[in-house]
Amino acid sequence: MGAPMSKTITIDGKSIPFKDGQTIMDAAMAADVYIPHLCHNPEFKPHGSCKLCTVKVNGRNVASCTMPAVEGQQVLSDTLELNDERLSLTQMLFVEGNHICPSCEKSGNCQLQAVAYYLGMMSPHYNHFYPQREVDASHPDMLLDRNRCIYCELCVRASRDVDGKSVFGLSGRGIGSTLVVNSTSGLLGDTNLAATDKAAQVCPTGALLKKRQGFTVPIGQRIFDHRTIKDVQLGEEHE
Amino acid sequence: MQQTDSPDLPRIMVPILARHGSDSAQLLQILRDVQDVCHFVPADAIDQIAAHLGVSRVTVEGVAGFYSFLSTQPVGQYHLLFSNNITDQMLGKDELLQYLCNKLWLERSRVSEDGLVSVDNTSCTGMCDQGPAALINGWPLTNLDQNRLDLIAELIRSQKPLADWPPMLFEVVDNIRRTDALLGEACVPGAAIKQALARGAKETLSEMDKSNLRGRGGAGFKTASKWSFCHAAIAEEEGSVICDIGGNPERFIVCNADEGEPGTFKDRVLLNSYADMVFEGMTVGAYVVGASKGFLYLRGEYRYLLKNLEAVLKRRREAGLLGDNILGQTGFSFDIEVHLGAGAYICGEESALIESLEGKPGRPRNRPPFPVTHGYKGRPTVVDNVETFACSARIAEKGGAWFAAMGTAQSTGTKLLSISGDIARPGIYEYPFGVTVRQILDDAGADEPFAVQISGPSGTMISWKEFDRKIAFEDLPTAGAFMVFNRKRDLFLTAHNFAHFFAHESCGFCTPCRVGTQLQKKIMDKISGGHGTICDMEELKRLGHILKTMSHCGLGSSAANPMLDAMEKFPDVFERKLKALAFEPAFDLDGALETARKITGRDDEWAHL
Ligand SMILES: Cc1cc2nc3c(=O)[nH]c(=O)nc-3n(C[C@H](O)[C@H](O)[C@H](O)COP(=O)(O)O)c2cc1C
Ligand code: SF4
Ligand code: SF4
Ligand code: FES
């Protein structure tokens, strides 16, 4: 007997099977279709804030990482228009923070940088905001450089939902949003974060870094130096 | 420097924590009280609250940092916030703010050396019909002018307690100018509930359906459909269905009294003088959907209404209109609690409002699921506007057909408009749907009107060419704001004001709005400073597209409307301000010297480029 009929959606004309409970992003990744994303990590509850994964479903834009797949959805993703909009969002993320790639330890392993390459970003386009944000080196093993935070809340989710510690949280509003840590002093060194925590492994950018590891892998041999973020993330999905 | 404690902190905290209990949904209410007493939320208070509620410190800090009326650094003992709507500006607010600062030897947004006073701006406080307006420690001041500010400065200097200030400073009037089906007749408490009980829940819903009432909060969703979805919803939590003993999930009725849209103030008047009608409508809604608990989410700016609202609720409980077995109907129990906001426009968005009711920062949720199935604490929840509930009470009392006979086929009933700006008689006007803009302008005494901002910054601006258009969902939908600008006004200032509003109110959750509203504001600042070019207009259009198509919620997707409308309908408003050049750097060299000029106290010719 044949397998039970599975439900499908189409993405850019290609038929993609899905199971109930999967999002468009889940279905796409499982079928080897890459949709650019930054705040999404399949290990955690979807968040939906960066909006890079926006796709057009039956004519309306939705975030694919949070939108449940529903039988018959016609999804457009790899279009000139959407990639152009994704590029603008990436540029926005660059200018609102202070991202100086040549001097950043994460360069080459950074998903923000990799997505920018993937989308063909040649310049920041917008004027830099040059915000003043705090760097926190108080923790023995971790460095928190808020200049590079994109508010994806992956560390927040990992610490709360996996480590059970709630070391991180967001405070402030709008452009004044800021990553705060769970201590009266406001310092990371006064929290119970351990370098082995899940929260210490998930930052897509160079905002939350392990100390003394910056150059163990030389520039030129890092994750995204030879492979696109598309290949890397689809590869991880099928590990 | 972080302020950590005040010697009296335990004495202050114990009664506050005792009053609110240990449900984490009380977090925002607790923080409001702490701010009231301490004039900020001290770091030690955050620790104590976290321990009391059993939540993490970052949870408490996240809320304390989100709301405009909470601060983690001290504000003045007298904290004066000027309403910064364009209508306040048109009445001279900027000059008055400066006048007061000069009088008190203050800089805006800086606390005086002795900690006595601070002065700043805040988003529209909903007093556009009696501005310029302000809030002092959260209490509204209206009709400000130099005389009043002289008096206020004196009262502050002599450190007179607010309770002893002359009441006329705080006087807020209704300004009802035109009444119709809603405002024309007082509500007899209980009349609508009686009718609903006599008809039964199903029949009452069918009257609501016949009335074709559509939500008055902006989106215009049919109220009967929302109620019936909520009634039919099965609540799920982590996969398991939650039921009460009757096999029904717990449901909630929420009245959205956030009224944050600049230029809107009709809910203020309904809550001040027609509170019974609003509560009556909520109770009818509870009966129809099967809810036992309701919330009124009252914007922080309207805290002055709280006392009276609590009194009305008390009266209704005593009259058997709230509580157990309402009007003798066994099993129909419903009560209403008022929650106060703390200065965040985004909390008017229904899912952000629910987050705020749960004591969290007001960030809109991912949808689906929608509040009708997964709302307050994950349970089916109806969120409706104040006016929607008032209409519901009338419909329950007088029937759906009576209501549907008014207005137009697609927009039944009447609409309350909050009218302000360049008119002789600002205030509340109730019209059947379908009325023309021209008629309204005539009634309100507009002199040479040129443009009208319909439904606030997130709505649309129409020009004098469009004054024959109608107020109706099918033509000009509106949540109620109606701001009039005459021929002499510079409409660039309006768009500029609104760009600042959205940048200030973006919750910051999603990239397009968090950054896009800032970029808009910066470009508008640049043009305003005389450095704008054609390129900047193109950039505004492109940003408008990103905001509209990529944003997470309605705030971001409407944040470009004022710029796009102005450029389309009044292009010369922008062009007059532009430089002939095609490109002008955003970096203003002379502007960059401003700090140096301030430090050295110089402003001579040689200190400028
Ligand atoms: C940014 C934003 C602010 C809003 N503010 C309000 C508000 O202050 N009052 C209101 O009733 N609806 C507001 N809404 C609409 C609500 O989300 C919701 O649609 C409304 O409360 C539903 O009630 P109704 O069906 O009775 O209109 C707002 C929406 C957005 C996106
Ligand atoms: S520190 Fe990293 S993981 Fe945490 S919110 Fe910022 S960018 Fe995301
Ligand atoms: S659109 Fe703006 S207000 Fe809405 S979620 Fe995004 S940042 Fe927040
Ligand atoms: S990946 Fe979907 S919104 Fe960020």
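Fair warning: this is a prediction, and the values are worked out from it, not measured in the lab.

**Observations regarding the overall build of chain A**
For chain A, the helix and strand inventory stands at six helices and 10 strands. In terms of C-alpha radius of gyration, chain A reaches 19 Å, essentially the compact-globule figure of 18 Å for 239 residues. Out of the 239 residues belonging to chain A, those deemed buried represent 55%. Contacts in chain A between residues far apart in sequence, at least 24 positions, make up 62% of those at least 6 positions apart. Summed over its atoms, the accessible surface of chain A is roughly 10800 Å², and 53% of this surface lies on carbon and sulfur atoms. Both charge centroids of chain A, one from 23 positive and one from 26 negative side chains, sit 2 Å from each other.

**Concerning the site of ligand 1**
Residue and element names in this part refer to chain B. Lining the immediate surroundings of ligand 1 are 18 residues, of which Gly217, Lys226, Asn256, Asn385 and Thr388 lie closest. Between an oxygen atom of ligand 1 and a main-chain N or O atom of glutamate 259, the distance comes to 3.0 Å. Take aspartate 384: an N or O atom from its side chain is 3.1 Å from an oxygen atom of ligand 1. Here ligand 1, which alone exposes 610 Å², has 88% of that area covered by the protein. Every element with two or more residues in the shell around ligand 1 is listed here: β11 (381–385) and α21 (554–558). Of the residues forming the shell around ligand 1, the biggest block, three residues, is contributed by β11. Looking at the shell around ligand 1 residue by residue, the class counts come to three nonpolar, eight polar and seven charged.

**Let's talk about the sheet that holds strand β10 (residues 208–210) of chain A**
All names here are of chain A. Strand order in the open sheet made by the three strands is β6-β7-β10, with antiparallel pairing throughout. Here the strands that pair on one side only, and so sit at the sheet edges, are β6 (135–136) and β10. Of the pairings in the sheet, the one linking strand β7 (residues 142–145) to β10 comprises three bridges and is antiparallel in character. Opposite methionine 142, over in β10, you have lysine 210 as the bridge partner.

**Section: the site of ligand 3**
Of all residues adjacent to ligand 3, which total 13 residues, the nearest are B:Cys507, B:Cys510, B:Cys513, B:Cys553 and B:Gly556. Here the shell around ligand 3 is composed, by residue class, of eight nonpolar, five polar and no charged.

**Some remarks on the sheet that holds strand β4 (residues 139–141) of chain B**
Residue and element names in this part refer to chain B. Strand order in this open sheet of four strands is β2-β1-β3-β4, and the pairing throughout is mixed. Only two strands of the sheet have a single partner each, and these edge strands are β2 (117–122) and β4. Across the sheet, the axes of successive neighbouring strands diverge by a mean angle of 25°, strand direction being ignored. Of the pairings in the sheet, the one linking strand β3 (residues 134–136) to β4 comprises three bridges and is antiparallel in character.

**Description of the pattern of salt bridges**
Close approach of charged atoms lets side chains of opposite charge pair. All names here are of chain B. Taken as a whole, this structure holds 52 salt bridges over all chains when the rule is applied. Close ionic contact of aspartate 94 with lysine 93 constitutes a salt bridge, the shortest N to O distance being 2.7 Å. Among the ionic pairs, glutamate 355 bridges to arginine 365, the shortest N-O distance being 2.7 Å. Here glutamate 355 is found in helix α14 (residues 350–357), whereas its partner arginine 365 is found in the loop between α14 and β11, with 10 residues between them in sequence. You'll find glutamate 355 and arginine 365 in the same group, each marked buried. Put simply, Lys266, Asp267, Glu387 and Lys415 are held in one network by salt bridges that share partners.

**Regarding the pairing of strand β16 (residues 481–486) of chain B**
All names here are of chain B. Burial runs high along β16: six of the six residues are buried. Taking every second residue as pointing to the same face, both faces of β16 are buried, with Ala481, Met483 and Phe485 on one and Phe482, Val484 and Asn486 on the other. Sheet topology places strand β12 (residues 414–421) next to β16; four bridges connect them, and they run parallel. Note that in β16 the partner of serine 418 across the bridge is alanine 481. As judged from the five bridges shared by strand β14 (residues 449–454) and β16, these two strands associate in the antiparallel manner. The residue of β16 that forms the bridge with isoleucine 454 is phenylalanine 482.

**Section: the domain arrangement of chain A**
Residue and element names in this part refer to chain A. Here chain A is partitioned into domain 1 (8–78) and domain 2 (105–224). Relative placement of domain 1 and domain 2: their C-alpha centres are 25 Å apart. Listed as interface residues are 13 residues of domain 1 and, on the opposing side, 16 residues of domain 2. When the two sides are added together, the surface that domain 1 and domain 2 hide from each other amounts to roughly 1200 Å², 65% of it contributed by carbon and sulfur. For domain 1, the biggest contributors to the area lost against domain 2 are Leu38, Phe44 and His47; these three give 50% of the whole. Counting across the domain 1 and domain 2 interface gives one salt bridge. Across the salt bridge formed by lysine 198 and glutamate 43, the nearest N and O atoms sit 2.7 Å from each other. Of the residues belonging to the side of domain 1 that touches domain 2, the class tally is seven nonpolar, four polar and two charged.

**Details of the interface of chain A and chain B**
Contacts between the two partners involve 43 residues from chain A, matched on the other side by 43 residues from chain B. Around 3300 Å² of area is buried between chain A and chain B when both sides are counted, 56% of it from carbon and sulfur atoms. At the surface where chain A touches chain B, the tally comes to three salt bridges. Between B:Arg542 and A:Asp84 there is a salt bridge, and its shortest N-O distance comes to 3.4 Å. Where chain A touches chain B, the interface holds 21 residue pairs in polar contact (both at pLDDT 80 or more). Mapped onto the side of chain A that touches chain B, the elements with two or more residues apiece are α2 (80–96), β8 (168–171) and β9 (178–181) of chain A. Sort the elements by how many residues they give to the side of chain A that touches chain B and α2(A) lands first, with nine residues. Within the side of chain A that touches chain B, the residues separate by chemical class into 17 nonpolar, 19 polar and seven charged.

Cut-offs used in this document
Residues numbered from 1 in each chain as written. Chains lettered and ligands numbered in written order. Predicted model: local features only at pLDDT ≥ 70, side-chain atom pairs only at ≥ 80, totals over all residues. Heavy atoms only, no water. Helix = DSSP H or I, 4+ residues; strand = E, 2+ residues; numbered from the N terminus. Rg over C-alpha atoms; globule rule 2.2 N^0.38 Å. Buried < 20%, exposed > 50% of the residue type's maximum accessible area, 1.4 Å probe, protein only. Contact = heavy atoms within 4.5 Å. Areas by Shrake-Rupley, 256 points an atom, 1.4 Å probe, with all protein chains shown as cover. Lys, Arg positive; Asp, Glu negative; His and termini not counted. Charge placed at Lys NZ, Arg CZ, Asp CG, Glu CD. Near = heavy atom within 4 Å. Polar contact = N/O pair within 3.5 Å; in protein donor to acceptor, adjacent residues only side chain to side chain. Nonpolar A, V, L, I, M, F, W, Y, C, P; charged D, E, K, R; others polar. Pairing = 2+ DSSP bridges. Axes fitted to C-alpha atoms, helices over the stretch in contact; angles between N-to-C directions. Salt bridge = Lys/Arg side-chain N within 4 Å of Asp/Glu carboxyl O. Domains from an automatic or database assignment. Buried area = accessible area lost by both parts, 1.4 Å probe.

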